[in-house]
Amino acid sequence: AAAAALLWRFGGWRLRNEGAKKESEELPTLCRRTTLLVADVDRSLKLYRDALGLQVVFDKTLPIGGKGLPTGVFDAQGRLVFLRSHVDHQVGVIGLLQYLDKPIPKPDAARRRLLCGDSVLVLNTKGCAERMARIARLPGVHVQSRGTVDKYPTAAGSTVTVTGNSFFDPDGHFLELNEVTMGKV
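About the cut-offs
- Residue indices follow the written sequence of each chain, beginning from 1 at its first position.
- A pLDDT threshold of at least 70 governs which residues receive local features in this predicted model, and a stricter bar of 80 or more applies before side-chain atom pairs are shown or counted, although totals over entire chains, interfaces and linings include all residues.
- Water and hydrogen atoms play no part in the side-chain values, which are based on all heavy atoms of the structure.
- Pairs of strands are assigned from DSSP output, requiring at least two bridges between the strands.
- Secondary structure elements follow DSSP: runs of H or I of four or more residues count as helices, runs of E of two or more count as strands, with numbering from the N terminus.
- Helix axes are fitted to C-alpha atoms over the stretch in contact, other axes to C-alpha atoms as well, and angles between N-to-C directions run from 0 to 180 degrees.
- Working rule for contacts: check all heavy atoms of both residues, and any pair within 4.5 Å makes them a contact.
- The rule for a salt bridge is simple: a side-chain nitrogen of Lys or Arg has to be within 4 Å of a carboxyl oxygen of Asp or Glu.
- Each residue's exposure class comes from its accessible area (1.4 Å probe, protein chains only) as a fraction of the maximum for that residue type: buried when under 20%, exposed when over 50%, partly exposed otherwise.

Trainee: Would you mind going over the sheet that holds strand 3 (residues 76-84) with me for this structure?
Mentor: The pairing of strands in a sheet comes from backbone hydrogen bonds and takes either a parallel or an antiparallel form. A sheet is described by the order of its strands in space; here four strands give the open sequence 1-4-3-2, paired in mixed fashion. A strand with exactly one partner marks an edge of an open sheet, and here the two such strands are strand 1 (33-37) and strand 2 (55-64). Between one strand axis and the next, the sheet turns by 20° as a mean value, whatever way the strands run. By the bridge criterion, nine bridges tie strand 2 to strand 3 in an arrangement that is antiparallel.

Below, the structure written as structure tokens:
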């Protein structure tokens with residue numbers, strides 16, 4: 001997910017360097033979805049759907065056997081919600097998974113630092129200042145930075161100016177919420 005986020009941030013999904021495959025040619029692997037384990041899907045929807053504007057495209061209760069996800073919880077029921085961020089619901093999807101009948105343990109303390117193995121979910125948006133105002137008011141959200149302006153090189157050789165924000169969601173997932181203010185990614 002972090003690699004996909006960096007590709008998006010620094011030049012879009014297409015490879016643009018010499019020797020890269022043609023833009024219309026499909027690569028063998030598609031980054032479809034990142035699924036976040038959450039304590040309360042309804043609380044998470046207030047952030048991801050209501051504040052960020054993602055659209056729910058799937059919301060089901062499903063059995064979780066426990067062999068594929070190493071949570072230590074087996075034969076549970078989970079609520080899985082998919083939220084799309086793009087017109088193509090097969091890319092850029094965020095999944096929210098809550099174990100219903102056998103909750104998985106929560107961290108002992110609120111997250112305030114990233115470590116190796118953590119991911120950074122990078123989202124580009126419009127109306128970033130208004131969205132961040134809503135996000136900052138949500139219980140359990142910790143805003144790390146707000147309104148920083150940075151310039152980055154793009155894969156096409158130009159630069160893009162981005163207003164950046166970052167925060168931990170109530171479950172400890174770290175997000176960057178950016179708005180391109182000049183240039184094109």
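Trainee: How should the sheet that holds strand 6 (residues 142-153) be read in this particular structure?
Mentor: Strand order in the open sheet made by the four strands is 5-8-7-6, with mixed pairing throughout. Of all strands in the sheet, those with a lone pairing partner are strand 5 (120-124) and strand 6, marking the two edges. Adjacent strand axes in the sheet meet at a mean angle of 25°, parallel and antiparallel pairs treated alike. In this sheet, strand 8 (residues 174-182) lies alongside strand 5 in parallel orientation, the contact comprising five bridges. Within strand 8, the residue paired with Leu-121 across the bridge is Leu-175. Where helix 3 (residues 128-136) meets the sheet, its contacts fall on strand 6, strand 7 (159-168) and strand 8, and the angle it forms with strand 6 comes to roughly 155°.

Trainee: Can you walk me through the pattern of salt bridges in this structure?
Mentor: It is possible for side chains of opposite charge to pair when their charged atoms get near one another. Enumeration over the complete set of coordinates arrives at five salt bridges. Asp-42 is the partner of Arg-79 in a salt bridge, and the nearest nitrogen-oxygen pair spans 3.0 Å. Placement of Arg-79 in strand 3 and of Asp-42 in helix 2 (residues 41-51) is noted, with a sequence separation of 37 residues between them. In this structure Asp-42 comes out as partly exposed when scored by relative accessible area, which is 45%. Of the charged contacts in the structure, one is a salt bridge between Asp-50 and Arg-49, with a shortest N-O distance of 2.6 Å.

Nothing here speaks to function; it is geometry throughout.
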